[in-house]
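Residues per chain, in single letters:
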Amino acid sequence: MAGRFVQRPTRTAVRGGQADVSTGGTGGAGRTGGAGGIPRQVAVPARVRRWVPEGPLDLGLVLGPLRRGPADPTFRATADGSVWRACRTPAGPGTLRVRAYGGEVLGEAWGPGAEWLLDGLPALLGAADDPEAFVPRHRVVALARHRRPGLRLTRTGLVLESLIPSVLEQKVTTDEAYRAWRLLVRRFGEPAPGPPGFGEQPMFVMPAARTWALIPSWEWHKAGVDDKRASTILRAVRVASRMEQAVGMPPGEARARLEVVPGVGVWTSAEVVQRSHGAADEVTVGDLHLPGIVGWALAGDRHADDSEMLRLLEPYAGQRHRAARLVLLSGLIPARRVPKMPRMDIGLL
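Rules behind the numbers
- Residues numbered from 1 in each chain as written.
- Predicted model: local features only at pLDDT ≥ 70, side-chain atom pairs only at ≥ 80, totals over all residues.
- Heavy atoms only, no water.
- Core = buried A, V, L, I, M, F, W, Y, C linked by side-chain atoms within 4.5 Å.
- Buried < 20%, exposed > 50% of the residue type's maximum accessible area, 1.4 Å probe, protein only.
- Helix = DSSP H or I, 4+ residues; strand = E, 2+ residues; numbered from the N terminus.
- Contact = heavy atoms within 4.5 Å.
- Axes fitted to C-alpha atoms, helices over the stretch in contact; angles between N-to-C directions.
- Parallel < 35°, antiparallel > 145°, perpendicular 65-115°, else oblique.
- Left-handed = near helix turned anticlockwise from the far one by under 90°.
- Salt bridge = Lys/Arg side-chain N within 4 Å of Asp/Glu carboxyl O.
- Pairing = 2+ DSSP bridges.

(A) Main features of the nonpolar core. Among the nonpolar cores identified, the biggest contains 35 residues, and V159, L163, L184, W212, W220, V225 and I233 are the most heavily contacted of them. Every element with two or more residues in this core is listed here: α6 (160-168), α7 (174-188), α10 (227-238), α11 (240-244), α12 (251-258) and α13 (266-276). In contact with L184, other than residues within four places in its own chain, are L168, G189, P207, W212, I215, E219, W220, A223 and V225. Core analysis: the second largest hydrophobic core is formed by 23 residues, V283, Y316, A323 and V327 among them.

Spelled out as structure tokens, the structure:
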């Protein structure tokens, strides 16, 4: 029966995809789509920066992996072609709005972290990435690359911002992970800085490390987070400064630093450095779906395991993460043959 219906995308497939960004009549990069709660600008932003990227740039593709579900309170794509991000930077909370039009990117930022966000704007949009270094070895990968010329790998320069939601995504369904992140950020985060009339649906900056450490056990339970994942996050935020120092390390060393924290394994560390470092070669292993998707797309093997996936990606050494993303963007996902993982809300127990 699965072959007769459009399969609902898994979290793995979403990771390879993009946030829908409408051009909004501005000629900006991106694809038509989503937009509830449009922030209304009625004041001059605190900081502004213009940047001209080298080559094509698709905001939805570049920044899409940073969104944790369609209702992520820290991320929004609006009908005017903008992408909004609310971040906790080393300088404090900040909100960034990015628009692309006429071959130029306009960044506007508010809050104590505004200058930090604008300083990192080129890296966030893939300036340090080198897509030309990638050589397709499979037809499906070559076609995906041809159809998505604006793909670049983002580098946020922030570790906890990716580490905490990645831990929440461990061994649960997509809906459970996104719900937990949404509830916890809205409950314990702070309203994102922004212009007057910022939006009918307010955005939030994720909690500070100390705030995460002080969340009561029953609040984790209400958000559907089991003790194992909550304990992993608590251990990580207690050494938050050491975790953030990993940004200055090569991806392999950064992963080793993260994996010192009990509960942070190879799956989680890869998910983090792909975003914090823009790591082109750090492919995710230990994923429930990715090996089968890569195996199906590259070799017609829906039962491929991690070792087989890595073998198939060997020709892309140095660029294996990019190759995996292009496979996910190709849309060649095998139809489901087993019931999907049941959702269990422990907050109801």
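(B) Molecular detail of the packing of α12 against α13. As a packed pair, α12 and α13 sit with axes 9 Å apart at the nearest point and diverge in direction by 130°. Viewed along their axes, α12 and α13 adopt a mutual orientation that is oblique. Both α12 and α13 take part in a crossing whose hand is right-handed. Here α12 contributes P251, A254, R255 and L258 to the contact with α13, which in turn contributes V266, S269, A270, V272 and V273.

(C) Broad picture of the pattern of salt bridges. Counted under the stated rule, the structure contains 16 salt bridges. Note that R85 is salt-bridged to E161, the shortest N-O span being 3.4 Å. Residue R85 is located in strand β3 (residues 83-89), and its partner E161 is located in helix α6; the two are separated by 76 residues in the primary sequence. By relative accessible area, E161 is classed as buried at 13%. With a closest N to O distance of 3.3 Å, E108 and R97 form a salt bridge. Note that E108 is positioned in strand β5 (residues 104-110) and R97 in strand β4 (residues 92-101), a separation of 11 residues in sequence. We classify R97 as buried; its relative accessible area is 5%. Salt bridges linked by common partners bring D80, R97, R99 and E108 together as one network.

(D) The arrangement of the pairing of β5 in detail. Among the 7 residues that make up β5, 6 are buried, leaving the element largely enclosed by the rest of the structure. Both strand β1 (residues 47-51) and β5 contribute to a ladder of 5 bridges, which runs antiparallel. Note on β5: the bridge partner recorded for V48 is E108. Linking two consecutive strands that pair antiparallel, namely β4 and β5, is a turn of 2 residues; a positive phi of about 60° is found at G102 within it.

(E) Quick peek at the packing of helix α5 (residues 139-147) against helix α16 (residues 320-330). Closest axis-to-axis distance for the α5/α16 pair is 8 Å, and the angle between their directions is 80°. Our classification of the angle between α5 and α16 gives roughly perpendicular. Of the residues in α16, those touching α5 at V140, V141, A144 and R145 are L326, V327 and S330.

Honestly, it's all geometry; don't read function into it.
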